[in-house]
Amino acid sequence: SFPTRRSSDLVLLLFLAYPLLLGVYLSMTDTTIGRPGIFVGLENFEWLMDDSVFWLSVYNTFLYTVVASVLKFVLGLWLALILNRHLPFKAFLRAIVLLPWIVPTVLSAIAFWWIYDSQFSIVSWALIRLGLIDSYINFLGDPNNARASVIAANTWRGIPFVAMTLLAGLQTIPQSLYEAATIDGAGAWQRFRYVTLPLLTPIIAVVMTFSVLFTFTDFQLIYVLTRGGPLNATHLMATLSFQRAIPGGQLGEGAAIAVAMIPFLLAAILFSYVGLQRRRWQHGGTD
C-alpha cells in the first residue's frame, strides 16, 4: 500500500541517504571533533593528493581487494563444484564450510592474531617441526608478510559466501544439458567451459560484486589484526579514514577519504548490473 511504501522510503532516506550526504558535506569542511568547522570546498581532497600515506592506502586497498577476490572466486568455485557432487554427509559438509562465514569477524581476526603471533604461531611451529624453516616467521611485523597474512585471513573468511552462492547457481543448471553434452562427446573440461561457466556467469557477476564490496570496505579484520601497521603497510582506505576521523579527530579529512571510495564502489555495482542484464537476456528478456 502507499503508506507502507512511503514509510519504507523514509527509512531508506534516514539510514542510507542521510549518512551519505552528511559524509559528503563533512568532506568539504574542516570539521574536527568538538568543533563544527567551516566549508572549505575541495581543499581536503587537494591535500590528499599530496598525502603519501593516503596513496599507500589506495595501493593496499586495490592489492587487498584484487588478490583476495580472485582467491575467493577460484577456491570458492572449486569448493562449489565439489559440494555439487553426490557426496556422503553432504548436508554436514555444507554446514562445516559455512563456519568461517558465520563466525563474527572480530573472533576470526583474534584467532588469526594468535595464529600469526611472532612467538607462539602454530604455523611457524609446524614448519619448524617439518624442517622447512629455522626460526619463527614475523607474520605481522614485516610489511610484505603482513599484507599476505591479512589477505589470507580475508580469503579464508570469504570463501564460504562465494562457494555457497555459486553452489546455489550450479543446482539451477538442468542436468539434461550435461547429458546432452556428454552424448555429443564433451569431456569434463568442455562441459564446464561450454555449459557450466556460461550459465553461471550472471551469478558470478553478482556474487563477485558483493565480494569486492565486502573486501574493498573491510575494516574489522584489518583493525583487529594490524591496525594498519606495520609502517602503514596494511592500511586500507576504510581503516585510514577511521584513524584520521576518530582517533585523529579530523572528521573532514576522514570523510574525504571515505568519499574517495565511492567511485570505485559504483564501478563494482555497474559490474553487477551488467551481469544482471546478461541474465535477463538469457531468460528471454529484451531490456
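Data block above holds the structure.
Remember, it's a predicted structure, so these values are computed and weren't measured experimentally.

**Q** With reference to specific residues and values, describe the packing of aromatic side chains.
**A** Inspection of every chain in the model, using the stated rule, returns 16 aromatic pairs. Between the aromatic rings of Phe-62 and Phe-216, the centroid separation amounts to 5.9 Å while the plane-to-plane angle is 85°, which identifies the pairing as edge-to-face. With Phe-62 in helix H3 (residues 52-83) and Phe-216 in helix H9 (residues 188-216), this pair connects stretches of sequence that are 154 residues apart. For Phe-62, a relative accessible area of 34% translates into the label partly exposed. Ring plane angle 25° and centroid distance 5.0 Å describe the contact between Trp-101 and Phe-161, whose orientation is recorded as stacked. Separated by 60 residues along the polypeptide, Trp-101 in helix H4 (residues 90-102) and Phe-161 in helix H7 (residues 143-170) bring together distant segments of the chain. Residue classification places Trp-101 among the partly exposed positions, given a relative accessible area of 32%.

**Q** Residues and numbers for the environment of Ala-260, please.
**A** Note on placement: Ala-260 falls in helix H12 (residues 251-260). In sequence terms Ala-260 and Leu-83 are 177 residues apart; their C-alpha atoms lie 39 Å from each other. Discounting residues that sit within four places of it in the chain, Ala-260 has contacts with Phe-54 and Met-237.

**Q** Explain the layout of surface pockets to me, and be specific about the residues and the numbers.
**A** Roughly 550 Å³ of volume is contained in the largest pocket. For the largest pocket, the lining is made up of 16 residues, of which Leu-81, Asn-84, Arg-85, Tyr-178 and Thr-196 are closest to its centre. Within the residue set of the lining of the largest pocket, elements represented by two or more residues are H3, helix H8 (175-183) and H9. Tallied by class, the residues present in the lining of the largest pocket amount to 9 nonpolar, 5 polar and 2 charged. By volume, the second largest pocket amounts to about 280 Å³. Lining the second largest pocket are 14 residues, with Ala-258, Val-259, Met-261, Ile-262 and Leu-265 sitting closest to its centre. Elements represented by at least two residues in the lining of the second largest pocket include exactly helix H1 (2-27), helix H11 (237-245), H12 and helix H13 (262-282). Top element by residues in the lining of the second largest pocket is H1. It accounts for 4 residues. Tallied by class, the residues present in the lining of the second largest pocket amount to 11 nonpolar, 3 polar and no charged.

**Q** So what's going on with the nonpolar core? Which residues, and what values?
**A** Counting 24 residues, the largest nonpolar core has Leu-79, Leu-83, Met-164, Leu-166, Leu-200 and Val-207 as the members making the most contacts within it. Those elements that provide at least two residues to this core are H3, H7, H8 and H9. The element contributing the most residues to this core is H7, with 8 residues. If near-sequence neighbours (up to four positions away) are discounted, Leu-166 is found in contact with Phe-73, Gly-76, Leu-77, Ala-80, Leu-200, Ile-203, Ile-204 and Val-207. With 16 residues, the next largest nonpolar core counts Leu-213, Phe-216, Ile-257 and Ala-268 among its residues.

**Q** Describe H11, and please don't skip the residues or the numbers.
**A** Among the 9 residues that make up H11, 7 are buried, leaving the element largely enclosed by the rest of the structure. Inspection of H11 places Met-237, Ala-238, Thr-239, Leu-240, Ser-241, Arg-244 and Ala-245 among the buried residues, and these make up the whole buried set.

**Q** I'd love a proper account of the pattern of salt bridges, names of residues and values included.
**A** Tallying each qualifying case throughout the model produces 3 salt bridges. The partner of Arg-244 in a salt bridge is Asp-51, with the nearest N and O atoms 2.9 Å apart. With Arg-244 in helix H11 and Asp-51 in the loop between helix H2 (43-49) and H3, this residue pair connects regions lying 193 residues apart in the sequence. In this structure, Arg-244 and Asp-51 share a single accessibility class: buried. Put simply, Arg-244 and Glu-253 hold a salt bridge, and the shortest N to O gap is 2.4 Å.

**Q** Lay out empty space enclosed by the protein with the relevant residues and their values.
**A** A water-sized probe, rolled over the atoms, reveals where empty space remains. Under the criterion given, the structure shown has 1 cavity of 30 Å³ or more. In this model, the largest cavity occupies a volume close to 60 Å³. Around the largest cavity, the lining residues are Asn-60, Leu-63, Tyr-64, Arg-147, Val-150, Ile-151, Ile-222, Ala-233, Thr-234 and Leu-236. For the lining of the largest cavity, the secondary-structure elements that each account for two or more residues are H3 and H7.

**Q** Could you give an account of a nonpolar patch on the surface, naming the residues involved and the relevant values?
**A** Judged by side-chain polarity, Phe-62, Val-66, Val-67, Val-70, Leu-71, Val-74, Leu-75, Trp-78 and Phe-264 come together as a nonpolar surface patch covering roughly 760 Å² of accessible area. Structurally, the position occupied by Val-66 is in helix H3. A relative accessible area of 49% means that Val-66 is categorised as partly exposed.

Calculation criteria
- Residues numbered from 1 in each chain as written.
- Predicted model: local features only at pLDDT ≥ 70, side-chain atom pairs only at ≥ 80, totals over all residues.
- Heavy atoms only, no water.
- Phe/Tyr/Trp six-rings, centres within 6.5 Å; stacked < 30°, edge-to-face > 60°.
- Helix = DSSP H or I, 4+ residues; strand = E, 2+ residues; numbered from the N terminus.
- Buried < 20%, exposed > 50% of the residue type's maximum accessible area, 1.4 Å probe, protein only.
- Contact = heavy atoms within 4.5 Å.
- 1 Å grid on protein atoms, 1.4 Å probe; cavity = no way out; pocket = protein on both sides within 12 Å on 5 of 7 lines; lining within 4 Å.
- Points joined across faces, edges and corners; volume = space filled by probe spheres on them.
- Nonpolar A, V, L, I, M, F, W, Y, C, P; charged D, E, K, R; others polar.
- Core = buried A, V, L, I, M, F, W, Y, C linked by side-chain atoms within 4.5 Å.
- Salt bridge = Lys/Arg side-chain N within 4 Å of Asp/Glu carboxyl O.
- Patch = residues over 30% accessible without salt bridge, like charges linked within 9 Å, V, L, I, M, F, W, Y side chains within 5 Å.
- Areas by Shrake-Rupley, 256 points an atom, 1.4 Å probe, with all protein chains shown as cover.

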